[in-house]
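# Fold and geometry: a report
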Amino acid sequence: MSLSIGIVGLPNVGKSTLFNALTRAQNAVAANYPFSTIEANHAVVPLHDERLTRLQGWVGVPEAIQTRVDFVDVAGLVKGAHKGEGLGNRFLGRIRHVDAIAHVVRCFDDENVIHVHEAPQPADDIEVINIELALADLQQLKRRLEKLEREVKGDRKLLPQLEMARRVEACISAGQPLRDFEEREQPDFLALDFEMRFLTAKPIIYVANIDEEALRAGNAWLESTREIAAAEGAQLITVCAGLEQELGVLSDEERADYLSVYGLAESSLEVLVRESYRTLGLISYFTFNENETRAWTIRQGWTAPQAAGVVHSDMERGFIRAEVIPFAVFAEHQDRNAIRAAGLLQVEGRDYVVQDGDVILFRFNV
């Protein structure tokens, strides 16, 4: 599995600049006018994990294959997007299958960059996007409700689905995002969400796009956005998209020097991806053979057979055992045979819950 993130926001808030920085390439048109992005931009970006590179060195193989993140950048949304204003309904459909939404909010002022307001207004901008996401969900759900109401007349077994759909409709109509819906873990809701791919059920991360001056001192727009995120229980990442795009063309050494000028230890984009992982409850484990080391993404709490299934379904079906080395143990000894000789190799069964950083060899038979 891989992590997928949809990038949304009003026109000209820096979405495409952020996308280009994330991909370290000029893949998205970043222009000073609305809807410069018409078709959705999509990129698959390796998620660098320094632990995998270290493991590659210890086992002496030629390749390290990182896990990946899929980014989808859609055109700026406007009021009425759910009805097709600015082609918004078309754009919203492109992000229904992502795992999380990165909502880019303009927290900088630049008279040379057109915006829907004369000056940044984060609260209003956020409200417009959130309302459009909710209305898009409501519009789609109403069509499903109409169909269920017809079908339940001939099949009363569908009544629980209909009742759940009505409760979901009431939640959205009351202005509550479905990520706060009290019954969101119930099987009937999960089945409905699997079908509908509700936008407001997805975790949201606010990305405050600031200028270089605000990197040091902050500004009132950033604080306003921070307060909104805190009130919603959402994550907030501060990014200077313009700076990050410049960093994207530098070598790793040059990037580190450039970041130090601003007192930053790492790129804000690395923080964004890491927080996305944390928000979605994702972790990584590692495997290796004579050719490569590889990182695999799973959900926290998955058992060894489930983790094996990410590599291949046959490995889950024929699972026998998992030979596990916690990363800290591998870092100390740096050799699998030495770890085995020291009695530190863990032989785990079907109930073992995989931990972040585990180095695993699966034994299976089909």
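Look above for the structure.
Here's a quick rundown of the structure. Not measured: the values here are computed from a predicted model.

## Comments concerning the overall build of the protein
A count of helical and extended segments in the protein gives 15 helices and twelve strands. Each of the 366 residues in the protein was classed as buried or not, and the buried ones make up 50%. Excluding contacts between residues fewer than 6 apart, the proportion of contacts in the protein whose partners are at least 24 apart in sequence is 67%. Element-wise, carbon and sulfur atoms account for 48% of the exposed surface of the protein, whose accessible area totals about 17,600 Å².

## Examining the nonpolar core
Nonpolar side chains in soluble globular proteins tend to be buried together. In this structure, Leu18, Phe71, Ile95 and Tyr206 are the most contacted members of the largest nonpolar core, which totals 60 residues. Broken down by element, the residue count for this core peaks at six residues, all from helix α11 (residues 268-280). In contact with isoleucine 95, other than residues within four places in its own chain, are Gly6, Val8, Val72, Val74, Ile101, Leu199 and Lys202. Of all hydrophobic cores here, the second largest spans 20 residues; its members include Leu138, Leu148, Cys171 and Phe198.

## Some points on α11
Counted at 1.5 Å a residue, the expected span for α11 with its 13 residues is 18 Å, and the 18 Å between its end C-alpha atoms agrees. The complete set of buried residues in α11 reads Ser268, Leu269, Val271, Leu272, Val273, Glu275, Ser276, Tyr277 and Leu280. Backbone geometry just after α11 places glycine 281 at a positive phi near 70 degrees.

## Points about the environment of methionine 164
In this fold, methionine 164 is placed in helix α5 (residues 159-173). Separated by 24 residues in sequence, methionine 164 and aspartate 188 place their C-alpha atoms 6.6 Å apart. Excluding anything up to four places from it in sequence, methionine 164 contacts Phe181, Glu183, Gln186, Asp188 and Phe189.

## What to know about the packing of helix α4 (residues 122-151) against α5
Relative orientation of the contacting elements α4 and α5 amounts to 155 degrees, with a least axis distance of 10 Å. Looking at the two axes, α4 sits roughly antiparallel to α5. In this structure, α4 meets α5 at a crossing whose hand is left-handed. The residues of α5 that touch α4, namely those facing Ala134, Asp137, Leu138, Leu141, Lys142, Arg144, Leu145, Leu148 and Glu149, are Gln161, Leu162, Ala165, Arg166, Val168, Glu169, Ile172 and Ser173. Per-class residue counts for the contact of α4 with α5 are nine nonpolar, two polar and six charged.

## Some details on unusual backbone geometry
Even without being glycine, arginine 197 reaches a positive phi, approximately 55 degrees. Relative to the helices and strands, arginine 197 resides in the loop between α6 (187-196) and β6 (204-209). In this structure, glutamine 334 is a non-glycine residue whose phi angle is positive, near 60 degrees.

## Concerning the side chain of arginine 336
Tracing the backbone shows arginine 336 in helix α15 (residues 336-341). Assessed through its relative accessible area of 18%, arginine 336 is described here as buried. Within polar-contact distance, the side chain of arginine 336 engages the side chain of glutamate 323 at 2.4 Å.

## Re the packing of α4 against helix α8 (residues 220-232)
Two elements in contact, α4 and α8, have axes separated by 9 Å at closest approach and are oriented at 40 degrees. Put simply, α4 runs oblique to α8. Of α8, the residues touching α4 (which contributes Pro122, Ala123, Ile126 and Asn130) are Trp221, Ser224, Thr225, Ile228 and Glu232. Partitioned by chemical class, the residues of the contact of α4 with α8 number five nonpolar, three polar and one charged.

The rules behind the values
- Residues numbered from 1 in each chain as written.
- Predicted model: local features only at pLDDT ≥ 70, side-chain atom pairs only at ≥ 80, totals over all residues.
- Heavy atoms only, no water.
- Helix = DSSP H or I, 4+ residues; strand = E, 2+ residues; numbered from the N terminus.
- Buried < 20%, exposed > 50% of the residue type's maximum accessible area, 1.4 Å probe, protein only.
- Contact = heavy atoms within 4.5 Å.
- Areas by Shrake-Rupley, 256 points an atom, 1.4 Å probe, with all protein chains shown as cover.
- Core = buried A, V, L, I, M, F, W, Y, C linked by side-chain atoms within 4.5 Å.
- Expected span 1.5 Å × (residues − 1).
- Axes fitted to C-alpha atoms, helices over the stretch in contact; angles between N-to-C directions.
- Parallel < 35°, antiparallel > 145°, perpendicular 65-115°, else oblique.
- Left-handed = near helix turned anticlockwise from the far one by under 90°.
- Nonpolar A, V, L, I, M, F, W, Y, C, P; charged D, E, K, R; others polar.
- Polar contact = N/O pair within 3.5 Å; in protein donor to acceptor, adjacent residues only side chain to side chain.

These results come straight from atomic positions and should not be treated as a statement about function.
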